[in-house]
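# Structural description and commentary
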Amino acid sequence: MLFNSTAFLVFFPAVTVLYFALPGRWRAAMLLLASCYFYMAFIPAYLWILAGTIVVDYAAGIGLERLQGSPRRRLFLIASLIANIGVLAVFKYYNFFAASVGDLAAALGVNGTLPIPRFALPIGLSFHTFQAMSYTLEVYKGRQPAERNFLLFALYVMFYPQLVAGPIERPQNILPQLHTTHAFDARKLTEGLDLMLWGFFKKIVIADRLSLAVDHVYSAPGTHQGQELVFATYAFAIQIYCDFSGYSSIARGAARVMGIDLMENFDTPYLATSIADFWSRWHISLSTWFRDYLYIPLGGNRVGAPRRYRNLLVVFIVSGLWHGANWTYLVWGALHGFYAVVGTRLAERNPAHLPENVAKNQAAAPASRLWRWTRRLITFQLVAFAWIFFRAASLSDAWQIVSHLTDLHARLDVGLSRQDVALSVMLVLGLFALEAGGANPFERLRGKVFVRWSFSYALVFSLMLLGKYTSREFIYFQF
């Protein structure tokens, strides 16, 4: 079920009312059934995939706890990882592998291909498998007790607000909250609805509007000139941010209404002063997942410089592969890995460039502030350039765009009227102005009742007058 659908307008209030109307002992079962219904709105049969991995991970958690000190304990962790990674390998990566083998065989003049089955990728597969894996990894490391209540564990994996696009939560945050009976709280209701409203504004008014230009240009990049390619690339940078952070805001708001707090997933990433700073602000739940479960086990910062740089490259290439089974995502990840290595090397030579040291100079002299904004502009250019490979349908399309960015001509055909282009630019500038003091502008309006309600009404009218209601899926649903 899409958040930006009429079905959700009925689903959300109905589930919320039921949640508070039912006794505490029935709430988990109701939320689990509602989450199953939410997921079945996409492809009902794939619910069984989720159910299978949930059973395996639930049993693995109990086995890991019971066999403390036993050499057989690792077998339960391996079983859990194989179940989750195996589902990803079959549904997300097998076709990519088979097609790549076929292309290689053809290039070598060898006959023979692997069969390529035709099945759709389960919605949000990478999100809920990574959330499930974080549970067994935390139990294995002794940082989380095994959950004995099967309903609550299943709900931890399937909680509908963040089921298909995160945030990728850790069990230490969500499971204790699911054990708690939350009383109705008018303040949390207001905060949750504010978050949802802000998320809908970013998705429906900005992201879906910009998507018209992005789709128009990126669907046939060879027919467009440099300034159109540049406009569409910047538009996609804003589109994917508003689309994904909009989803996270709606998810966090829907959970907050029920008294459940999900982690912050975005923190004004386009104000980052370096690539390392960007990844501390963008998709925080995923970047911290890779830090804790891949980068640190590889040695993290505890090893020498060559291995540290290798670890960064490995993490970002795997991150690219996590996003999609396509060479474009691998190049996108490798490019960010290259950025990270170069940035780390420069920061090691000049510690003043480290994000934490740059942050200490927020009230520095004008020259320092100018340098900080210069770093932000450079970082945004690097990130926007990498988005070309993320958005392009193929490496050939990406190269077509990259190689023609400077072919400037007089026309500007991006699939939008001049009025829509001007409106889009004004909306984006307004977005940056509103988020300059924090990702959630409502936070700054606490205690200012008249201003907050005026802002809420302005967002509602914007949704009514400027929203693009095409029920477009959120970009990260495909992952």
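This text goes with the structure placed above it.
Worth saying up front: this structure is predicted, and the values here are computed from it rather than measured.

## Points about the overall build of the protein chain
Within the protein chain one finds 18 helices and zero strands. Taking 23 Å as the expected radius of gyration for a compact globule of 479 residues, we find that the protein chain reaches 23 Å, a close match to that expectation. Taking the principal axes of the C-alpha coordinates as reference, the protein chain spans close to 70 × 65 × 50 Å. Residues classed as buried in the protein chain amount to 53% of the 479 residues present. Long-range contacts, defined as pairs at least 24 residues apart, comprise 76% of the intrachain contacts of the protein chain with a sequence gap of at least 6. Element-wise, carbon and sulfur atoms account for 67% of the exposed surface of the protein chain, whose accessible area totals about 21500 Å².

## As for the side chain of Asp194
Counting through the fold element by element, Asp194 comes out in helix 8 (residues 186-218). On the basis of relative accessibility, which here comes to 9%, the residue Asp194 falls in the buried class. Not counting chain neighbours up to four residues away, the residues in contact with Asp194 comprise Phe442, Arg452 and Ser456.

## Side note on the environment of Trp198
The topology assignment puts Trp198 in helix 8. When its relative accessible area of 0% is taken as the criterion, Trp198 is described as buried. When the C-alpha positions of Trp198 and Ser319 are compared, they lie 28 Å apart, and in sequence the two are 121 residues distant. Contacts of Trp198, omitting those with residues within four sequence positions, involve Ser249, Leu431, Leu434, Glu435, Ala439, Pro441, Phe442, Phe455 and Leu459.

## Section: a nonpolar patch on the surface
A surface patch of nonpolar side chains, amounting to about 780 Å² of accessible area, comprises Val449, Trp453, Tyr457, Val460, Phe461, Met464 and Leu465. Secondary-structure assignment places Leu465 in helix 18 (residues 449-466).

## Some words on unusual backbone geometry
In this structure, Thr268 is a non-glycine residue whose phi angle is positive, near 40 degrees. By the secondary structure assignment, Thr268 is in the loop between helix 9 (226-257) and helix 10 (275-279). One non-glycine residue, His283, lies in positive phi territory at about 45 degrees.

## Examining the pattern of salt bridges
Under the definition given, this model contains 17 salt bridges. Arg291 serves as the salt-bridge partner of Asp292, at 2.8 Å between the closest nitrogen and oxygen. A relative accessible area of 18% places Asp292 in the buried class.

## A short note on the nonpolar core
Counting 140 residues, the largest nonpolar core has Phe8, Tyr160, Ile206, Tyr270, Trp282, Trp387 and Tyr476 as its most contacted members. Among the elements that take part in this core, helix 9 stands out by supplying 17 residues, more than any other. Leave out the neighbours within four places in its chain, and Tyr160 touches Phe8, Phe11, Phe12, Val15, Leu31, Ser35, Phe38, Tyr247, Ala254 and Met258.

## Examining the packing of helix 1 (residues 6-21) against helix 2 (residues 24-40)
Here helix 1 crosses helix 2 at 170 degrees, and the two axes come no closer than 9 Å. Between helix 1 and helix 2, the angle is such that the two are roughly antiparallel. Note on element contacts: helix 2 touches helix 1 through Arg27, Met30, Leu31, Ala34, Tyr37 and Phe38, opposite Phe8, Phe11, Val15, Leu18, Tyr19 and Phe20. The class makeup of the residues in the contact of helix 1 with helix 2 is 11 nonpolar, no polar and one charged.

About the criteria used
- Residues numbered from 1 in each chain as written.
- Predicted model: local features only at pLDDT ≥ 70, side-chain atom pairs only at ≥ 80, totals over all residues.
- Heavy atoms only, no water.
- Helix = DSSP H or I, 4+ residues; strand = E, 2+ residues; numbered from the N terminus.
- Rg over C-alpha atoms; globule rule 2.2 N^0.38 Å.
- Buried < 20%, exposed > 50% of the residue type's maximum accessible area, 1.4 Å probe, protein only.
- Contact = heavy atoms within 4.5 Å.
- Areas by Shrake-Rupley, 256 points an atom, 1.4 Å probe, with all protein chains shown as cover.
- Patch = residues over 30% accessible without salt bridge, like charges linked within 9 Å, V, L, I, M, F, W, Y side chains within 5 Å.
- Salt bridge = Lys/Arg side-chain N within 4 Å of Asp/Glu carboxyl O.
- Core = buried A, V, L, I, M, F, W, Y, C linked by side-chain atoms within 4.5 Å.
- Axes fitted to C-alpha atoms, helices over the stretch in contact; angles between N-to-C directions.
- Parallel < 35°, antiparallel > 145°, perpendicular 65-115°, else oblique.
- Nonpolar A, V, L, I, M, F, W, Y, C, P; charged D, E, K, R; others polar.

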